[in-house]
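Residue-level structural notes
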Amino acid sequence: MDTSNNLTESEIRHAVREEISRAGWSVLSTVFWTILSAFTILVGLQALQIAFYTSGLVALAFVAVGVLVTGASMYLLYLLHR
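Residues numbered from 1 in each chain as written. Predicted model: local features only at pLDDT ≥ 70, side-chain atom pairs only at ≥ 80, totals over all residues. Heavy atoms only, no water.

Overview of the side chain of Thr-70
On the secondary structure map, Thr-70 appears in helix α2 (residues 57–81). Here Gly-66 takes part through its backbone oxygen, which lies 2.8 Å from a polar atom of the side chain of Thr-70. Look past the residues within four positions of Thr-70 in its chain and what remains in contact with it is Ile-41, Gly-44 and Leu-45. (Helix = DSSP H or I, 4+ residues; strand = E, 2+ residues; numbered from the N terminus. Polar contact = N/O pair within 3.5 Å; in protein donor to acceptor, adjacent residues only side chain to side chain. Contact = heavy atoms within 4.5 Å.)

Structure (structure tokens):
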């Protein structure tokens with residue numbers, strides 16, 4: 001049958017330590033990507049702001065970059081925190 005009931009105390013402690021370590025890295029990773037995403041949203045909004053002070057094809061390029069960067073960053077935040 002199932003041999004998981006025959007684990008020793010040291011094996012259980014090892015498994016718990018390993019999972020706590022993985023959970024810690026997961027939390028740190030989520031915090032890192034959240035901060036990075038928040039900053040890139042600001043970069044995208046800055047590109048949109050610059051587009052208002054330029055004209056022609058350059059303005060269109062800044063709008064495209066701003067919308068792309070802001071949208072991608074917001075989607076990353078959505079995936080991280082849903």
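Looking at helix α1 (residues 9–52)
Because an α-helix completes one turn every 3.6 residues, residues spaced three or four positions apart along the sequence face the same direction. Under the 1.5 Å per step criterion, the end-to-end length of α1 is 65 Å for 44 residues, consistent within 8% with the ideal 64 Å. Restricting attention to buried positions, one finds in α1 the residues Ser-37, Ile-41, Gly-44, Ala-47 and Ala-51. Those residues of α1 that are buried lie in contact with α2. (Expected span 1.5 Å × (residues − 1). Buried < 20%, exposed > 50% of the residue type's maximum accessible area, 1.4 Å probe, protein only.)

With respect to α2
In a regular helix each residue adds 1.5 Å, so 25 residues correspond to 36 Å; α2 covers 36 Å between its end C-alpha atoms and thus fits that length. All buried positions along α2 are accounted for by Ala-59, Gly-66, Thr-70 and Ser-73. The secondary structure elements touched by the buried residues of α2 are α1.

Points about the UniProt feature "transmembrane region" (unreviewed entry) in the chain
In the numbering used here, UniProt assigns the feature "transmembrane region" (unreviewed entry) to residues 23–45 and 57–80. Secondary structure content for residues 23–45 is 100% helix and 0% strand, while the C-alpha to C-alpha distance between its ends is 33 Å. End C-alpha atoms of residues 57–80 are separated by 35 Å, and the span's content is 100% helix alongside 0% strand. (UniProt positions renumbered as here; feature names shortened; annotations may be inferred.)

Looking at the pattern of salt bridges
This structure, assessed with the given rule, holds three salt bridges. Note that Arg-13 is salt-bridged to Glu-9, the shortest N-O span being 2.5 Å. On the criterion of helical spacing, the pair formed by Arg-13 and Glu-9 is a turn pair, its members being four residues apart in helix α1. Take Glu-9: its relative accessible area is 53%, and that puts it in the exposed class. Between Arg-22 and Glu-18 there is a salt bridge whose closest N-O contact spans 2.8 Å. One end of the pair, Arg-22, and the other, Glu-18, are both in helix α1, four residues apart, so they sit about a helical turn from each other. A cluster of three or more residues bridged by salt bridges with shared partners is formed by Glu-18, Glu-19 and Arg-22. (Salt bridge = Lys/Arg side-chain N within 4 Å of Asp/Glu carboxyl O.)

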